[in-house]
Amino acid sequence: MSRFIIITTSTDFEQRVRLAVSDGLHGSVQRLPESAINGAPHDIMHIDPAEPPEVVLLGPGVSTDEALKLATVMDLQFPEVSVILAADSSPDLVLTAMRSGIRDIVSPGADTPTIRVMLERACLSSAGRRRGLSVQGNSEHETGRVIAVMSPKGGVGKTTVATNLAMGLGKVAPMSVVIVDLDVQFGDVASALSLSPEHTLVDAVTGAAAHDAMVLKAFLTVHSGGVYALCAPSNPNEADLVTADHISYLIAQLATEFKYVIVDTAPGLGELALATLEQATDAVWVVGMDIPSIKGLRNGLGVLHELGLIPQGRHVVLNFANRHAGLNIQDIEATIRVPVDVVIPLSSALPFATNKGVPLLQEGPRSPASKNLRKLVERFEPEVSSHMRKQLHRRVVVS
Ligand SMILES: Nc1ncnc2c1ncn2[C@@H]1O[C@H](COP(=O)(O)OP(=O)(O)O)[C@@H](O)[C@H]1O
Ligand SMILES: [Mg+2]
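The present account deals with the structure reproduced in this document. (Residues numbered from 1 in each chain as written. Chains lettered and ligands numbered in written order. Predicted model: local features only at pLDDT ≥ 70, side-chain atom pairs only at ≥ 80, totals over all residues. Heavy atoms only, no water.)

The next subject is the sheet that holds strand β13 (residues 342–345). Pairing in this open sheet of eight strands is mixed, and the strands run β8-β9-β7-β10-β6-β11-β12-β13 from one edge to the other. Only two strands of the sheet have a single neighbouring strand rather than two, namely β8 (221–223) and β13. Averaged over all adjacent pairs, the angle separating strand axes in this sheet is 20 degrees, with direction ignored. In the sheet, strand β6 (residues 145–150) pairs with strand β10 (residues 260–265) via five bridges, with the strands oriented parallel. Paired with arginine 145 across the bridge in β10 is tyrosine 260. (Pairing = 2+ DSSP bridges. Helix = DSSP H or I, 4+ residues; strand = E, 2+ residues; numbered from the N terminus. Axes fitted to C-alpha atoms, helices over the stretch in contact; angles between N-to-C directions.)

If you want it as structure tokens, here you go:
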């Protein structure tokens, strides 16, 4: 949750801010009376000590001089907060505003999408400064869970599982989830999430972002479901620019910034997938209800076992499950030699969601497929105690 404070005389502007926040920013907006512009930053920060603001919007309708004064003190006392000025800008104002620590200037007439983009940027930079401050004070840093979604075969539902897992975990831990598309040549996470990324995996592993976790974060694309995404390049030729070393470093960096790093992979056990498995805490193995896919998984698991590359968390998802495939779960488990943990039925809701670019767990209707995808999400929720973890591989049925 982010908190937005606004000091303005304009109810119309406040309304547009509220609409912008409600469009996927996971936050609450509080309007303060005009007189608050003469107050101290301390008063603003302590209105609700449990949830201090990340973004403070000043204007329109308030005195620009007073706004700049407040911003100057805010910048010194609470540098993590992004202060935004809503005023008609001029070159002179931009310069003074910059010197006062104002992070952005927005026109009072800006439309809701413009305000949303600006607020998103403000939250991101506030989060970055907060993290910078806390890292200075505390070098102990817990790293997040790295969940690799894998299968030897294509078309078995890896991207479907990865994007739904991201949406589900995004509800549990808003803005603490990143999904990375490592199907570098033909990745379709962007399309499954209706994203038009400005930057892609290639930008994230080359140039400035490769050396600085904060820059890297600015290269991610924010999805309205409260998750970040690092999408594959749109040109398959760029795939050659990404190496296994890049991926090892990238994943390590992301795991210091996010609670959950979900990695969608290309079919098979290519070098990028192996580099991911080296760092993964969990692997979700997706298998279809057909012999090639099932045998492929058995052989793949065998090879990885020999290489010592099986992550500790094991989650086997049987996808496209249906009674008419001529196979039952026991046969499949006997072949792959590990239990199936989650069964996702063959469902027309899934291709529909893929084509629409809205994963089932983002807003889809309740269906057997979404219910079981949620069961997969639950396996990664923090409340799942170690006691329950021991029972996680329980018997499932195909209905
Ligand atoms: N359980 C299912 N029932 C029906 N269609 C599914 C199911 N799971 C996935 N699909 C569809 O199959 C296609 C391939 O899935 P995708 O997740 O892209 O596979 P992969 O990433 O392994 O290549 C997509 O159109 C997807 O919507
Ligand atoms: Mg895929």
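Right, picking up where we left off after that structure.
Another point: the pairing of strand β7 (residues 177–182). In terms of burial, β7 is a largely internal element, six of the six residues being buried. As judged from the six bridges shared by β7 and β10, these two strands associate in the parallel manner. Across the sheet, the residue bridging to aspartate 181 is aspartate 264, located in β10. By the bridge criterion, three bridges tie β7 to strand β9 (residues 227–230) in an arrangement that is parallel. Residue pairing for β9: valine 178 is matched across the bridge by tyrosine 228. (Buried < 20%, exposed > 50% of the residue type's maximum accessible area, 1.4 Å probe, protein only.)

Turning to the site of ligand 1, a few remarks are in order. Every one of the 16 residues lining ligand 1 counts as a neighbour, but Gly155, Lys158, Thr160, Asn319 and Thr354 are closest to it. Between an oxygen atom of ligand 1 and a main-chain N or O atom of valine 156, the distance comes to 3.2 Å. A distance of 3.3 Å is found between an oxygen atom of ligand 1 and a backbone nitrogen or oxygen belonging to leucine 350. Mapped by element, the contributors of at least two residues to the shell around ligand 1 are α6 (158–172), β12 (313–321), β13 and α14 (349–356). A class-by-class count of the residues in the shell around ligand 1 yields seven nonpolar, eight polar and one charged. (Near = heavy atom within 4 Å. Polar contact = N/O pair within 3.5 Å; in protein donor to acceptor, adjacent residues only side chain to side chain. Nonpolar A, V, L, I, M, F, W, Y, C, P; charged D, E, K, R; others polar.)

Turning our attention to the pairing of strand β11 (residues 282–287). Each regular strand shows side chains that alternate between the opposite faces of the sheet. Taken across its six residues, β11 has six buried, putting it largely inside the fold. Alternating positions in β11 separate into two faces, Asp282, Val284 and Val286 on one and Ala283, Trp285 and Val287 on the other, with burial throughout. The pairing of β6 with β11 spans four bridges and is parallel. Looking across to β11, one finds that isoleucine 147 is bridged to aspartate 282. In terms of strand pairing, β11 meets β12 through six bridges, oriented parallel. Opposite aspartate 282, over in β12, you have glycine 313 as the bridge partner. Chirality of the crossover, the property in question, places the unit of β11, helix α12 (residues 291–307) and β12 among those that are right-handed. (Right-handed = clockwise from strand over helix to strand, strands pointing away.)

What follows concerns the pattern of salt bridges. In total, this model carries 11 salt bridges according to the counting rule given. A salt bridge links aspartate 12 to arginine 16, with the nearest nitrogen and oxygen atoms 2.9 Å apart. Taken together, the residues span about one helical turn, with aspartate 12 and arginine 16 both in helix α1 (residues 11–22) at a distance of four residues. Among the salt bridges present, the one from arginine 116 reaches glutamate 120, with a minimum N-O distance of 2.4 Å. Here arginine 116 pairs with glutamate 120, and both are found in helix α5 (residues 112–137), just four residues apart, close to one helical turn. Classification of arginine 116 by relative accessible area gives buried; the value is 12%. On the basis of relative accessibility, which here comes to 16%, the residue glutamate 120 falls in the buried class. (Salt bridge = Lys/Arg side-chain N within 4 Å of Asp/Glu carboxyl O.)

Mapping serine 151 onto the fold places it in the loop between β6 and α6. Under the relative-accessibility criterion, serine 151 is labelled buried at 4%. When neighbours within four sequence positions are excluded, serine 151 is seen to be in contact with Val156, Lys158, Ala266, Pro267, Gly268 and Val286. (Contact = heavy atoms within 4.5 Å.)

All chains considered together, the criterion is met by one aromatic pair. Here the aromatic rings of tyrosine 228 and phenylalanine 258 are separated by 5.2 Å at their centres, their planes lie at 65 degrees, and the arrangement is edge-to-face. Separated by 30 residues along the polypeptide, tyrosine 228 in strand β9 and phenylalanine 258 in the loop between α10 (244–257) and β10 bring together distant segments of the chain. Residue phenylalanine 258 is classed as buried on the basis of its relative accessible area, which comes to 3%. (Phe/Tyr/Trp six-rings, centres within 6.5 Å; stacked < 30°, edge-to-face > 60°.)

Our next topic: the side chain of arginine 3. Here arginine 3 shows up in strand β1 (residues 2–7). Despite its burial, arginine 3 remains without a salt bridge, the nearest opposite charge being carried by glutamate 51 at 4.5 Å. Engagement of the side chain of arginine 3 in a polar contact is seen with the backbone oxygen of glutamate 51, the distance being 2.6 Å. In contact with arginine 3, other than residues within four places in its own chain, are Ser28, Gln30, Asp48, Glu51, Pro52, Pro53, Glu54 and Val55. (Lys, Arg positive; Asp, Glu negative; His and termini not counted.)

The next subject is the environment of leucine 68. Positionally, leucine 68 belongs in helix α3 (residues 64–77). Considered as a pair, leucine 68 and alanine 325 are 257 residues apart in the sequence and their alpha carbons are 68 Å apart. In this view, leucine 68 contacts Leu85, Leu93, Thr96, Ala97, Ser100 and Ile102; residues no more than four positions away in its chain are not counted.

A few words now on a nonpolar patch on the surface. A cluster of nonpolar side chains, contributed by Leu269, Val303 and Leu307, occupies part of the molecular surface with about 240 Å² of accessible area. Within the secondary structure, leucine 269 is located in the loop between β10 and α11 (271–279). You can call leucine 269 partly exposed: its relative accessible area is 34%. (Patch = residues over 30% accessible without salt bridge, like charges linked within 9 Å, V, L, I, M, F, W, Y side chains within 5 Å. Areas by Shrake-Rupley, 256 points an atom, 1.4 Å probe, with all protein chains shown as cover.)

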